[in-house]
Amino acid sequence: MRVPSVACLLGVSLGLLASAAAQAMTGEETQLIDTINSYRSQAQGCAGEASLELPPLNSDNRLALSPEGTRDLQQAMSRAAYPMVNVQAISLSGPRDAKSAMKAIEESFCQVVLDPQFVDIGVSQEGRDWRIVLARPLLSGRLGDWQAEGQKLLQEVNAARNVPRQCGGQPFPAAPALAWNTTLAGVAANHTRNMANQNFFDHLDRDGRTPGDRAELAGYQYRQIGENIAAGRDSARKVVDGWLASPGHCATLMNPDYRELGAAYAVDPKSDAGIYWTGLFGTAQ
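Residues numbered from 1 in each chain as written. Predicted model: local features only at pLDDT ≥ 70, side-chain atom pairs only at ≥ 80, totals over all residues. Heavy atoms only, no water.

1. Side note on the pattern of salt bridges
Once the charged atoms of two side chains with opposite charge are near each other, the side chains can pair.
Inference 1: For the structure shown, the criterion picks out 9 salt bridges.
Inference 2: Of the charged contacts, one joins Arg-214 and Glu-227 as a salt bridge, the two residues approaching to 3.1 Å between their closest N and O atoms. With a gap of 13 residues between them, Arg-214 in helix H7 (residues 211-217) and Glu-227 in strand E11 (residues 222-231) connect regions that are remote in the sequence.
Inference 3: On the accessibility criterion, Glu-227 (9% relative accessible area) is buried.
Inference 4: With a shortest N-O distance of 3.3 Å, Asp-268 and Lys-270 are connected by a salt bridge.
Inference 5: Taking the relative accessible area as the measure of exposure, Lys-270 reaches 73% and is therefore exposed.
Inference 6: Salt bridges sharing partners connect three or more residues here, namely Asp-205, Asp-207, Arg-209, Arg-214 and Glu-227. (Salt bridge = Lys/Arg side-chain N within 4 Å of Asp/Glu carboxyl O. Helix = DSSP H or I, 4+ residues; strand = E, 2+ residues; numbered from the N terminus. Buried < 20%, exposed > 50% of the residue type's maximum accessible area, 1.4 Å probe, protein only.)

Here is the structure:
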């Protein structure tokens, strides 16, 4: 007999928050976070649309709010030492374990866990009551202009390529360093600004153009092209760490056939994610 479940979703946008202690996440809670991240790492059908592959959410104990006694999300978050911009909480009543909780999330809250603006997650469980909190922090880093940060991203990518690694189940040897390409950088900058200013997150732009289309229009004749994008992360290091933790992004980053990179970020406070990044990988003809 299936146990009925009750679920609700709460959301709030806030500024800097006060401090509070949070419990450590263990057992089923950690398993649910791992399952959500596995779900995000693959394209999913959700609300009639296909999602992108997304980097994993960071587990943050400050977001592990008790399911009981936190009916007012804004009040609960005001006691947490988490500098956030946006947060949403999913409350479930009924699932006995992480597997059952994930099934309820997929059925009712796929759009929340597949939202690219969120960076951090906390999960807490008390019996059959669950609270899943997803949040985006305030931008904390002092960023330079898009060219300077694009060069930092290139450095982080090349440091990652210098080390053999597994991308999911696929092994990659160390790969040659990529060279900066100004044409690819300009294409990346334009796409990133469009994502931020037009508030979308996709490899296809609003005119339906692919990364390859945009590169060709800019005069880059390529033998191979690939693109990684990110949202909500406030430094090149965090962007690359997220890509490395996502099998598809990691495979693009480690691909030894690529020779060049252009990268950029853009910020728009009115957008859902606040900050967006594009890394455009290419090999010229």
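2. Focus: the confidence of the model for the protein chain
Inference 1: The pLDDT averaged across the protein chain works out to 88; a share of 87% of its residues lies at or above 70.
Inference 2: Under a pLDDT of 50 for its full length, residues 1-8 has, in the predicted model, 19 contacts with residues more than four places off or in other chains.
Inference 3: In this model, residues 10-23 is a region of pLDDT below 50 whose contacts with residues beyond four sequence positions or in other chains number 46 contacts. (pLDDT = per-residue confidence, 0-100. Contact = heavy atoms within 4.5 Å.)

3. Observations concerning the pairing of E11
Inference 1: By the criterion of burial, E11 is predominantly enclosed, with 7 of the 10 residues buried.
Inference 2: Where E11 meets strand E13 (residues 275-284), 9 bridges bridge the pair, whose relative direction is antiparallel. For Ala-231, the partnering residue across the bridge sits in E13 and is Tyr-276. (Pairing = 2+ DSSP bridges.)

4. Description of helix H9 (residues 247-254)
Inference 1: Burial analysis of H9 places 6 of its 8 residues in the buried class, which makes it a mostly covered element.
Inference 2: Within H9, burial applies to His-249, Cys-250, Ala-251, Thr-252, Leu-253 and Met-254.
Inference 3: As for H9, its buried residues are in contact with helix H5 (146-161), strand E8 (165-167), strand E9 (170-172), E11, helix H8 (236-244) and E13.

5. Section: the packing of aromatic side chains
Inference 1: Scanning all chains against the criterion turns up 2 aromatic pairs.
Inference 2: A centroid spacing of 5.6 Å and a plane angle of 40 degrees characterise the contact between Tyr-258 and Phe-281, whose relative ring orientation is tilted. Taken together, the positions of Tyr-258 in the loop between H9 and strand E12 (260-267) and Phe-281 in strand E13 put the pair 23 residues apart, joining distant regions of the chain. The pair formed by Tyr-258 and Phe-281 is uniform in burial state, with each residue classed as buried.
Inference 3: On the numbers, 5.3 Å between centres and 35 degrees between planes, the contact of Tyr-265 with Trp-277 is tilted. Here Tyr-265, found in strand E12, pairs with Trp-277, found in strand E13; they are 12 residues apart in sequence, far enough to count as distant. (Phe/Tyr/Trp six-rings, centres within 6.5 Å; stacked < 30°, edge-to-face > 60°.)

6. Some remarks on the nonpolar core
Inference 1: Counting residues in each nonpolar core, the largest one holds 35 residues, and the members touching the most others are Leu-32, Ile-36, Leu-92, Ile-105, Ile-132 and Leu-134.
Inference 2: Residue assignment for this core shows that the elements contributing at least two residues are helix H1 (27-40), strand E5 (84-93), helix H3 (98-108), helix H4 (110-113), strand E6 (120-126), strand E7 (129-137), helix H6 (182-198) and E11.
Inference 3: At 5 residues, the largest contribution of residues to this core is made by H3.
Inference 4: Once residues lying within four places of it in the same chain are set aside, the contact partners of Ile-36 are Leu-57, Met-102, Ile-105, Val-113, Ile-121 and Ile-132.
Inference 5: Core analysis: the next-biggest nonpolar cluster, separate from the first, contains 23 residues, Leu-178, Leu-261, Ala-263 and Tyr-265 among them. (Core = buried A, V, L, I, M, F, W, Y, C linked by side-chain atoms within 4.5 Å.)

7. A look at the pairing of E6
Inference 1: For E6, the tally of buried residues reaches 5 of 7 residues, placing the bulk of the element in the interior.
Inference 2: Sheet topology places strand E4 (residues 58-59) next to E6; 2 bridges connect them, and they run parallel. When the sheet's bridge partners are listed, Ser-59 is paired in E6 with Ile-121.
Inference 3: Bridge count between E6 and E7: 7 bridges; the pairing is antiparallel. The residue bridging Gly-122 from the neighbouring strand is Val-133, located in E7.
Inference 4: In this antiparallel pair of consecutive strands, E6 and E7, the connection spans 2 residues, and Gly-127 shows a positive phi of 65 degrees.

8. Thoughts on the environment of Leu-153
Inference 1: Structurally, Leu-153 can be placed in helix H5.
Inference 2: Spatially, the C-alpha atoms of Leu-153 and Tyr-265 are 9.7 Å apart, while their sequence positions differ by 112 residues.
Inference 3: Contacts of Leu-153, omitting those with residues within four sequence positions, involve Ala-236, Val-239, Val-240, Trp-243, Leu-261, Ala-263 and Trp-277.

9. A look at unusual backbone geometry
Inference 1: Even without being a glycine, Ala-47 presents a positive backbone phi close to 55 degrees.
Inference 2: Positionally, Ala-47 belongs in the loop between strand E2 (45-46) and strand E3 (49-50).
Inference 3: A relative accessible area of 54% places Ala-47 in the exposed class.
Inference 4: Positive phi values are uncommon outside glycine, yet Asn-199 reaches one of about 55 degrees.
Inference 5: On the secondary structure map, Asn-199 appears in the loop between H6 and H7.

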